[in-house]
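Report on the structure
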Amino acid sequence: MFNMDEILQNVHSVGIGGHVRPDGDCVGSCLGVYNYFRTYYPNMDVHVYLEQIPDTFTFLENADKIEQSKGDEQHDLFIALDCGDLKRLGETAKIFTNAKKTACVDHHISNESFADLNHVIPDASSTCELVYHLLPKVKITKAIAECLYTGMVTDTGCFQYSCTSSETMNAAGVLMDKGIDYTSIIHRVFYSVTYVQNQVLGYALLHSKLWEDGKIITTILTQEDLKRFGAGPHDMESVVSSLRNTAGVEVAIFLHENEDGSYKGSSRATGDVNLSEVAAKFHGGGHAKAAGFTVYGDPEEALQEVITEIKKRL
Ligand SMILES: [Mn+2]
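All values derive from a computational prediction rather than experimental measurement.

A grouping of Asp298, Glu300, Glu301 and Glu305 is seen on the molecular surface, where their side chains present a negatively charged patch. Locating Glu300 in the fold gives a position in helix α11 (residues 299–311).

For the rest of this paragraph, the subject is the domain arrangement of the protein. Per the domain assignment, the segments making up the protein are domain 1 (6–191) and domain 2 (196–311). The distance between the C-alpha centroids of domain 1 and domain 2 comes to 26 Å. Interface of domain 1 and domain 2: buried area, both sides summed, is about 840 Å²; carbon and sulfur atoms make up 52% of it. A per-residue breakdown of the area domain 1 buries against domain 2 is headed by Arg21, Ile109 and Tyr161, which together make up 52% of the total. At the boundary of domain 1 with domain 2, the tally comes to zero salt bridges. Across the domain 1-domain 2 interface, the total number found is one residue pair in polar contact (both at pLDDT 80 or more). For the side of domain 1 that touches domain 2, the residue count by class is four nonpolar, five polar and one charged.

This part is about the nonpolar core. The biggest cluster of nonpolar side chains holds 53 residues, and the ones touching the most others in it are Met4, Val14, Ile16, Leu31, Phe37, Ile79 and Tyr149. Sort the elements by how many residues they give to this core and helix α1 (residues 24–40) lands first, with eight residues. Apart from residues lying up to four places away in sequence, Leu31 is in contact with Val48, Leu60, Glu61, Asn62, Ala63, Ile66 and Cys147. Counting 20 residues, the second-largest nonpolar core is a separate cluster that includes Tyr263, Val273, Ala302 and Ile310.

For the manganese ion, the protein coordination sphere consists of Asp25 (OD), Asp82 (OD), His107 (NE2) and Asp155 (OD), at 2.1 to 2.3 Å. Look at where the donors of the manganese ion fall in the sequence and you get D-x56-D-x24-H-x47-D. One end of the pair, Asp82, is in the loop between β3 (77–81) and α2 (93–98); the other, Asp155, is in helix α4 (residues 142–155), with 73 residues separating them in the sequence. With a relative accessible area of 1%, Asp82 lands in the buried category. Judged by its relative accessible area of 16%, Asp155 is buried.

Turning our attention to unusual backbone geometry. Phi is mostly negative for residues that are not glycine, and the peptide bonds are mostly trans. One non-glycine residue, Ser113, adopts positive backbone phi at about 55°. With respect to the secondary-structure elements, Ser113 resides in the loop between β4 (101–106) and β5 (117–120). You can call Ser113 partly exposed: its relative accessible area is 38%. The phi angle at Cys158 is positive, at roughly 65°, despite the residue not being glycine. If you trace the backbone, Cys158 turns up in the loop between α4 and α5 (166–176).

Turning to helix α3 (residues 127–134), a few remarks are in order. For α3, a buried count of seven out of eight residues is recorded, marking the element as mostly surrounded by other parts of the structure. Within α3, the full set of buried residues consists of Thr127, Cys128, Glu129, Leu130, Val131, Tyr132 and Leu134. Check the buried side of α3 and you find it contacts α1, β3, β4, β5, α4 and α5.

Our focus in this paragraph is the packing of aromatic side chains. For the coordinates displayed, the defined rule picks out nine aromatic pairs. Centre to centre, the rings of Tyr36 and Tyr40 are 5.1 Å apart; their planes meet at 50°, and the pair counts as tilted. Taken as a pair, Tyr36 and Tyr40 lie in helix α1 at a separation of four residues, close to a single helical turn. Considering the side-chain rings of Phe78 and Phe96, the 5.9 Å spacing of their centres and the 75° angle between planes classify their relative orientation as edge-to-face. With Phe78 in strand β3 and Phe96 in helix α2, this residue pair connects regions lying 18 residues apart in the sequence. With a relative accessible area of 0%, Phe78 lands in the buried category.

This part takes up the sheet that holds β3. With respect to topology, five strands assemble into an open sheet ordered β2-β1-β3-β4-β5, the strand pairing being parallel. The open sheet has two edge strands, β2 (45–49) and β5, and neither has a second partner. Sheet twist, expressed as the average angle between the axes of neighbouring strands with direction ignored, equals 15°. Pairing of β4 with β5, which is carried by four bridges, proceeds in the parallel orientation. Within β5, the residue paired with Asp106 across the bridge is Val120. With respect to the sheet, α1 is in contact with β1 (13–18), β2 and β3, its orientation differing from that of β1 by roughly 165°.

The subject of this paragraph is the pairing of β2. The side chains of a regular strand alternate, first on one face of the sheet and then on the other. Pairing geometry for β1 and β2, over five bridges, is parallel. Pairing of Ile16 across the sheet is with Val48, part of β2. Each parallel crossover has a hand, and the one from β1 via α1 to β2 is right-handed.

Overall, mixed pairing links the six strands, which are arranged β6-β7-β8-β9-β11-β10 in an open sheet. Strand pairing shows two members of the sheet lacking a second neighbour, β6 (209–211) and β10 (285–286), which therefore form its edges. Where β6 lies against strand β7 (residues 216–221), three bridges are found, and the strand directions are antiparallel. Along β7, the bridge assignment pairs Lys209 with Thr218. Along the sheet, α11 makes contact with β6, β7, β8 (251–257), β9 (263–269) and β11 (290–295), crossing β7 at roughly 160°.

Rules and cut-offs
Residues numbered from 1 in each chain as written. Predicted model: local features only at pLDDT ≥ 70, side-chain atom pairs only at ≥ 80, totals over all residues. Heavy atoms only, no water. Patch = residues over 30% accessible without salt bridge, like charges linked within 9 Å, V, L, I, M, F, W, Y side chains within 5 Å. Areas by Shrake-Rupley, 256 points an atom, 1.4 Å probe, with all protein chains shown as cover. Salt bridge = Lys/Arg side-chain N within 4 Å of Asp/Glu carboxyl O. Lys, Arg positive; Asp, Glu negative; His and termini not counted. Charge placed at Lys NZ, Arg CZ, Asp CG, Glu CD. Helix = DSSP H or I, 4+ residues; strand = E, 2+ residues; numbered from the N terminus. Domains from an automatic or database assignment. Buried area = accessible area lost by both parts, 1.4 Å probe. Polar contact = N/O pair within 3.5 Å; in protein donor to acceptor, adjacent residues only side chain to side chain. Nonpolar A, V, L, I, M, F, W, Y, C, P; charged D, E, K, R; others polar. Core = buried A, V, L, I, M, F, W, Y, C linked by side-chain atoms within 4.5 Å. Buried < 20%, exposed > 50% of the residue type's maximum accessible area, 1.4 Å probe, protein only. Contact = heavy atoms within 4.5 Å. Donors = N, O, S within 2.8 Å, 3.2 Å for Na, K, Ca; no water. Phe/Tyr/Trp six-rings, centres within 6.5 Å; stacked < 30°, edge-to-face > 60°. Pairing = 2+ DSSP bridges. Axes fitted to C-alpha atoms, helices over the stretch in contact; angles between N-to-C directions. Right-handed = clockwise from strand over helix to strand, strands pointing away.

Below, the structure is given as structure tokens:
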């Protein structure tokens, strides 16, 4: 374990980045660290690189400072957050490779410690919870607290998933005491959806199928479906968890078509099936109860292969 002050020795420029298709934990941890450096090291050259973030998170301080990587940026230090491997950094992977020194803070079980300095705790609720412990509590400002709380809310499903520990709640408590409007953050992050998102969810639920006596539920959305609703990748985030809420279901699988014709898979488990193992067989990874992967070719056939792997573990 390192802390965010000591890793800055002999460092004049820092790059910060997280995984492609950034979620609340990714954006929250990246902006939390960015705002920390901005506040306490005003003369340092700090950049945060992410793909376009969902509108939900644009309220976070300095969200407008997020840059898209050009790929040729040079930094003394690059910090990868909430990212299980180099590939998941997307375009930003080049900046990581270019950096003189690298650090990684993450909670994905598939993380193989790919940086020079690694703080990887798979049991942690979120990268934001880990970042919280790497910052001196007294130096966490309200703006930083908002970022970290947002990430915790996102990855714990509002403090309900089993990854939520008493430590998570203690950390959240300290962040609440920084004066953040936690009610509004929870509403924005967890409950508020757009009309398009609701329509996509309705369509996905209506076209879902049950397998194995209702233990597995699946749904597939094609590019044609998404275009009909004018939906983008960020409009489907609640689909897989809503599928999983179905009584009797142990595993939920959601496939949606990417622009290149491949299918992005999201999976969630309520039972003992280790989805991280299943995802690893399909170019993916993640956590035991929540994992992502990619399949190619006919989606119905690909889905059967995924179901076969799940059946082995039911
Ligand atoms: Mn995360």
